[in-house]
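Examination of the molecular architecture
Spelled out from the first residue to the last, the chains are:
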Amino acid sequence: MAYQSNLPQITQRMRQATSAGLLAAAAVVETKVKDGLRGGYGKRAEWPGPKSPTGNVMASVNHSEPEFGAEGAFILVGTDVMYALYWELGFWKWPAYFSEKLQRWVSVKGFRNQREWKRKEIWVPAFYGSRVEMMAAYDRAYKAALGGGGAGGFGSRAASPRSPR
Amino acid sequence: MSTASWTGVLQIARSRLLTFTPPNAGATLATRLGSTSTGSGSDGKLFLDQAPDNIEGLWAILRMIDAPVQGFDGGNLIRGQFELICYGRPRRMAAQVRACADVAQQAWKYYSYIETNGVFIADHVTSRFTVPYAEPADRELVAERVLLPFRVVPSYLLTVSS
């Protein structure tokens, strides 16, 4: 019997399993972030905008496709709404009724106390707080993609090809 | 300054960042940021967790954002992450803000602190970027964020017996 290498197929299946695992882990973080964004960032978080949260940032939370690079595989979870970054890292917010011209005038005059420091962290705590859940979700999805568990799945057959199934 | 408490660990990191002298006789972070007359800013405007509301010019804030216990040595190793954000206002201070972040990155590159029953090791910086503020944020504020990972085996854990 001629030797046949199954390495390409195995490599391909492991790549697919890694992708499935990353997507499952990303879903954990996305859910946690969306939960945190349910009430929005508060009044006038969008400029100019309505007084009540619109769900804009929550609806914008998304993830990339799994990518494979020199240092391993990764997936990105994020948003394209820029002010989510400001809220996450902190910023000085002018009152809602301040036009840009008035902001400049106040800055020049040195009336510093018109600004408020705002920060509401949601993304970073969601990531660090779901570390264990992410790994568990990755593990389940990875094994399922490789056919893990159950009849006929990976690990359910004996190691030797000559053993009865 | 010691690892006998978590406050001590924070002070180890803060002291390193403020007192490190860059190569070629550059200015320390304490010199660049300046100081206030009292409080934690009196030795350099690098504040822990929060800065005073009326701050202006150059300043920085150091925060612990993650500190899980990891490893297999009985729960003594903590692999944590600091967030350092260097601020400047108005916007014409952008170059000085970036220079402060440069000094912080240099200070963190090869640093370790060792004492009896305790060790603090700085790992290399993993992330750095400039925050691109636009409305509704105050655009005159310049912020450069640096993540500073580290490992610590604090003596307040090692000295506890069962």
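This section reports on the structure supplied with the text. (Residues numbered from 1 in each chain as written. Chains lettered and ligands numbered in written order. Predicted model: local features only at pLDDT ≥ 70, side-chain atom pairs only at ≥ 80, totals over all residues. Heavy atoms only, no water.)

1. Observations concerning the overall build of chain A
- In terms of regular secondary structure, chain A is built from 6 helices and 6 strands.
- Along chain A, from the amino end to the carboxyl end, the secondary structure elements read α-α-β-β-β-β-α-β-α-β-α-α.
- In chain A, the proportion of contacts linking residues at least 24 apart, taken out of those at least 6 apart, comes to 67%.
- On chain A, roughly 10,700 Å² of surface is accessible, and the fraction owed to carbon and sulfur atoms is 57%. (Helix = DSSP H or I, 4+ residues; strand = E, 2+ residues; numbered from the N terminus. Contact = heavy atoms within 4.5 Å. Areas by Shrake-Rupley, 256 points an atom, 1.4 Å probe, with all protein chains shown as cover.)

2. Looking at helix H1 (residues 6-19) of chain B
- Look at H1 of chain B: 20 Å from first C-alpha to last across 14 residues, which is about the 20 Å you get at 1.5 Å a residue.
- Listed as buried for H1 of chain B are Gly8, Val9, Leu10, Ile12, Ala13, Arg14, Arg16, Leu17 and Leu18 of chain B. (Expected span 1.5 Å × (residues − 1). Buried < 20%, exposed > 50% of the residue type's maximum accessible area, 1.4 Å probe, protein only.)

3. Structural notes on the layout of surface pockets
- Space inside the largest pocket adds up to approximately 1,300 Å³.
- Class assignment for the residues of the lining of the largest pocket results in 27 nonpolar, 7 polar and 6 charged. (1 Å grid on protein atoms, 1.4 Å probe; cavity = no way out; pocket = protein on both sides within 12 Å on 5 of 7 lines; lining within 4 Å. Points joined across faces, edges and corners; volume = space filled by probe spheres on them. Nonpolar A, V, L, I, M, F, W, Y, C, P; charged D, E, K, R; others polar.)

4. A short note on the pattern of salt bridges
- Using the criterion set out here, one finds 14 salt bridges over all chains in the structure.
- The salt bridge partner of Arg63 of chain B is Glu83 of chain B, with a shortest N-O separation of 3.0 Å. Of this pair, Arg63 of chain B sits in strand E2 (residues 57-66) while Glu83 of chain B is found in strand E3 (residues 78-89), placing the two residues 20 residues apart along the sequence.
- Residue class for Glu83 of chain B comes out buried when judged on its relative accessible area of 1%.
- Among the charged side chains, a network of salt bridges with common partners joins Arg119 and Glu121 of chain A together with Arg63, Glu83 and Arg145 of chain B. (Salt bridge = Lys/Arg side-chain N within 4 Å of Asp/Glu carboxyl O.)

5. A short note on the side chain of Arg16 of chain B
- Mapped onto the fold, Arg16 of chain B is located in helix H1.
- One buried charged side chain, Arg16 of chain B, makes no salt bridge at all; its nearest oppositely charged neighbour is Asp123 of chain B, positioned 13 Å away. (Lys, Arg positive; Asp, Glu negative; His and termini not counted.)

6. A look at the interface of chain B and chain A
- Chain B puts 26 residues into the contact, and the matching count from chain A is 23 residues.
- Between chain B and chain A the total buried area reaches about 2,100 Å² when both faces are included, carbon and sulfur atoms providing 56% of it.
- If you sort the residues of chain B by the area they bury against chain A, Glu135, Pro136 and Asp138 of chain B come out on top, with a joint share of 28%.
- Joining chain B to chain A, the criterion identifies 3 salt bridges.
- With a shortest N-O distance of 3.0 Å, Glu83 of chain B and Arg119 of chain A are connected by a salt bridge. (Buried area = accessible area lost by both parts, 1.4 Å probe.)

7. With respect to the packing of aromatic side chains
Residues and elements named next belong to chain A.
- Inspection of every chain in the model, using the stated rule, returns 14 aromatic pairs over all chains.
- Taking the centre distance of 6.2 Å and the plane angle of 90° together, the rings of Trp92 and Trp117 count as edge-to-face. With Trp92 in strand E5 (residues 91-93) and Trp117 in strand E6 (residues 116-118), the pair connects residues that are 25 residues apart, well separated along the chain.
- Relative accessible area serves as the criterion here: at 5%, Trp92 is assigned to the buried category.
- Over the face of the ring belonging to Phe68 we find Arg15, whose NZ or CZ atom lies 4.0 Å from the ring centre. (Phe/Tyr/Trp six-rings, centres within 6.5 Å; stacked < 30°, edge-to-face > 60°. Lys NZ or Arg CZ within 6 Å of the ring centre and 35° of its normal.)

8. What about the nonpolar core?
- Among the nonpolar cores identified, the biggest contains 36 residues, and Leu17, Phe82, Leu84, Trp108, Phe120 and Leu148 of chain B are the most heavily contacted of them.
- Every element with two or more residues in this core is listed here: H1, helix H2 (29-33), E2, E3, helix H3 (94-109), strand E5 (118-122) and strand E7 (142-153) of chain B.
- The element best represented in this core is H3 of chain B, accounting for 8 residues.
- Once residues lying within four places of it in the same chain are set aside, the contact partners of Leu17 of chain B are Leu29, Leu46, Leu62, Leu84, Ala104, Ala107, Trp108 and Leu148 of chain B.
- Counting residues in hydrophobic clusters, the runner-up holds 33 residues, among them Ala84, Tyr86, Trp123 and Ala126 of chain A. (Core = buried A, V, L, I, M, F, W, Y, C linked by side-chain atoms within 4.5 Å.)

9. A word on a nonpolar patch on the surface
All names here are of chain A.
- Judged by side-chain polarity, Leu7, Ile10 and Met14 come together as a nonpolar surface patch covering roughly 280 Å² of accessible area.
- Summarising the element assignment, Met14 is placed in helix H1 (residues 7-36).
- Take Met14: its relative accessible area is 39%, and that puts it in the partly exposed class. (Patch = residues over 30% accessible without salt bridge, like charges linked within 9 Å, V, L, I, M, F, W, Y side chains within 5 Å.)

10. Examining the environment of Lys118 of chain A
Residue and element names in this part refer to chain A.
- Here Lys118 shows up in strand E6.
- By relative accessible area, which is 24% here, Lys118 ends up partly exposed.
- Taking C-alpha positions, Lys118 is 6.1 Å from Trp92, a pair spaced 26 residues apart along the chain.
- Every residue in contact with Lys118, bar those within four places of it in the chain, is listed here: Trp87, Gly90, Phe91 and Lys93.

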